[in-house]
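Examination of the molecular architecture
Given next are the chains, with one letter for each unit.
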Amino acid sequence: MLSDAEITIIHPDDSRETRSMTDAELKTANLSIGMRAEADPIILAEQSVLDVFRNDGYPLVKAGKKKVLADTAEKTMRVTYEVMTGKQARFGKINVVGAQDVDADFIRGYHSWGKGQPYSPSEITTTRRDLADSNLFNSVIVKPAGQVDENGEIPVEMRVAERDHRSIGGGVDFSTADGPGANAFWEHRNLFGKGEKLRLKLEGSGLQQGASATFRKPQFLRRHQALVGQSEATRYSTDAYDGDLANAFAGIEREFWKNWSATYGLTAEYSDLTGADSRTRNFIWVVCAAFCATIIPTTRLTRRPATGWNSACRPISALPGRKRNLP
């Protein structure tokens, strides 16, 4: 069984200290005193020991010689992990590698740490995940690069491989209610070089024809905030009514907590419909100048709503248009 686990710490000035691992360190390394002494857990624990020091701000920590002493008489084992810490560091300059169509400063702006913040692997992970979620890259690597400088800062490298930013598609369909129909779309996910997404769509059938556009600009003024907009116009020609409907929205999408976001802004709607047995045409404008919000739990990878709840403030003003008798 494992009788003891120690760490020998070698500092940058070559001074050494040896101590027993704390309960927290043992837990991180998936070790426990008295556990069955097996080779695999003891070997794997070495990387976990290094993670303990990385979490304490040592980005260049390395493993030294590992010592394992077995007492066959007592049937116990004692292990000592040697750790060369290197210098403790703060986040320094960010270098972007591989950017072509996407603006390098925009990529750099995805970093989650503040100026002068101590190095933390969790911040590296968060930044890598946010860049991957942007849907702009085939691969993303974020890592410390180089040595700790005289100011105690370590440079960080963001290495990306861009993916194709344009898509086009379409299709045909048939339903017993609407008859034959078709649709087509065009999408650009890096319209102005900073991840702006524009999607245009046309669709139509014998009963209705429509066009829509959606726009999203990520990292708008701050991290986890986007400028969003959408518009839609549809013409109807059915047995019950015919005419036009249109609406538009512009606002801000903001992530407040992990996996929770809110959208708020201004919306406007236009309606011009005529009933099949009515000789009066109604022009109705519905203008919403109210604050509108929807709070939705989302999954980070898909940005789609998950289970949960939502709330909204709806239009507060409606301006009716004039009526006109049809000839």
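1. Considering the overall build of the chain
Secondary structure assignment for the chain yields 4 helices and 18 strands. In the chain, buried positions account for 34% of the 327 residues. Partitioning the intrachain contacts of the chain with sequence separation of at least 6 by distance along the chain shows that 50% fall at a separation of at least 24. Looking at the chain as shown, the accessible area adds up to about 19,400 Å², and 53% of this sits on carbon and sulfur atoms.

2. Description of unusual backbone geometry
Even without glycine at this site, Asp14 takes up a positive phi of about 70°. In this fold, Asp14 is placed in the loop between β1 (2–10) and β2 (16–20). At His224, a residue that is not glycine, the phi angle is positive and equals roughly 60°. Here His224 shows up in the loop between β12 (208–217) and β13 (225–237). For His224, a relative accessible area of 23% translates into the label partly exposed.

3. Here we look at the packing of aromatic side chains
Think of a pair of aromatic rings as described by two things: how far the centres are apart, and how the planes are tilted against each other in angle. All told, the structure shown has 4 aromatic pairs when counted by the stated rule. For the pair Phe91 and Trp113, a centre-to-centre distance of 4.1 Å together with 10° between the ring planes defines the contact as stacked. Of this pair, Phe91 sits in strand β6 (residues 90–97) while Trp113 sits in the loop between α3 (104–108) and α4 (121–133), placing them 22 residues apart in sequence. No difference in accessibility class separates Phe91 from Trp113, as the two residues are buried. Note on Phe91 and Tyr119: the rings are 5.4 Å apart at their centroids and 45° apart in plane angle, and the pair reads as tilted. Here Phe91, found in strand β6, pairs with Tyr119, found in the loop between α3 and α4; they are 28 residues apart in sequence, far enough to count as distant. Residues Phe91 and Tyr119 agree in their burial class; the two are buried. Of the aromatic side chains, those joined through ring pairs into one cluster are Phe91, Trp113 and Tyr119. A cation sits over an aromatic face here: Arg199 above Phe185, 4.1 Å from the ring centre.

Rules behind the numbers
Residues numbered from 1 in each chain as written. Predicted model: local features only at pLDDT ≥ 70, side-chain atom pairs only at ≥ 80, totals over all residues. Heavy atoms only, no water. Helix = DSSP H or I, 4+ residues; strand = E, 2+ residues; numbered from the N terminus. Buried < 20%, exposed > 50% of the residue type's maximum accessible area, 1.4 Å probe, protein only. Contact = heavy atoms within 4.5 Å. Areas by Shrake-Rupley, 256 points an atom, 1.4 Å probe, with all protein chains shown as cover. Phe/Tyr/Trp six-rings, centres within 6.5 Å; stacked < 30°, edge-to-face > 60°. Lys NZ or Arg CZ within 6 Å of the ring centre and 35° of its normal.

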